[in-house]
Amino acid sequence: MFLDLIRKKRAYRNKGPVLICPSCRTAISQIDMKDVQRDTDFYHLRFNGVDSGDISIATTRPEMLGSCVAVFVNPDDARYREYVGKTVSVPLYDLKVKVLADPYVDPEKGTGAEMVCTFGDQNDVDLWRKYSLETRIIIDNDGRMAGDSIIAKGIMSTDARKAVVEQLRSHDYIIKVEKKRQSVNVHERCDTPVEIGILDQWYVRYLDLRERMDEAGRGIKWYPEFMKVRYDNWVHGLKVDWCISRQRVFG
Ligand SMILES: [Zn+2]
């Protein structure tokens, strides 16, 4: 079956951003994730301007600051028009990053300016690809602060947030903290929030088959009927090819 997929050029190996469960220490696919709703803090942070004014960005993951590679705003957002193309400095890390504009950014969300990190979520991956941004990894595949991280190194990223927030607070980078209801992707086997890392994995190409999947779904009589909706949502929500390799250790 696998060799057949290779022959049909459906299976391929690629080193790139992949979903990782830090607890199970394996790559997983979109199919292995579920959504969990939780309350979280939305931090509004001041990025000092280098050749422009300061800009404030909102994030739920301040521990990712060290992997920030750009700040994005919406091109139609008049508040930030003069910032596009300018350089700002990432708090605590003194990294210089560009302010870029992309229609994907929702001006209503947070401050309307957001940081792109390698990698906080799938949107980060999409923008990183589209604009050929740098890669700065600060969370290793076990979920620990590593690499270019200078704060809380060796600590689990989930616990590192507190240390990073303390430093941000003592250096006066926090403008305000909002409470926010957020949906988080977790691994369905263990409920651990999923991270994105870079690994060499095997994939099955199937995004080009979405129309055929739609068709196949229409040809099935569904019991119970709501499973059809679930199937359609799944097909339309597919964003990356199917990662089929796992790093599971038994025993
Ligand atoms: Zn897991």
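Conventions we followed
Residues numbered from 1 in each chain as written. Predicted model: local features only at pLDDT ≥ 70, side-chain atom pairs only at ≥ 80, totals over all residues. Heavy atoms only, no water. Donors = N, O, S within 2.8 Å, 3.2 Å for Na, K, Ca; no water. Helix = DSSP H or I, 4+ residues; strand = E, 2+ residues; numbered from the N terminus. Buried < 20%, exposed > 50% of the residue type's maximum accessible area, 1.4 Å probe, protein only. Pairing = 2+ DSSP bridges.

The name given to the protein chain in an unreviewed UniProt entry is valine--tRNA ligase, with mine drainage metagenome as the source organism.

Next up on the list: the coordination of the zinc ion. The coordination sphere of the zinc ion contains the protein donors C21 (SG), C24 (SG), H187 (ND1) and C190 (SG), at a distance range of 2.1 to 2.3 Å. Here the donor residues for the zinc ion map to a single chain with the spacing C-x2-C-x162-H-x2-C. On the criterion of sequence distance, the pair formed by C24 in the loop between β1 (11–21) and β2 (26–27) and C190 in the loop between β9 (174–187) and β10 (195–204) is long-range, its members being 166 residues apart. Residue class for C24 comes out partly exposed when judged on its relative accessible area of 29%.

The next point concerns the sheet that holds β10. Taken together, four strands build an open sheet; the order of strands is β2-β1-β10-β11 and the sheet is antiparallel. The sheet is open, and its two edges are formed by β2 and β11 (242–243), each paired on a single side. Pairing of β1 with β2 involves two bridges; the strand directions are antiparallel. Each residue of the ladder has a partner; that of C21, found in β2, is T26.

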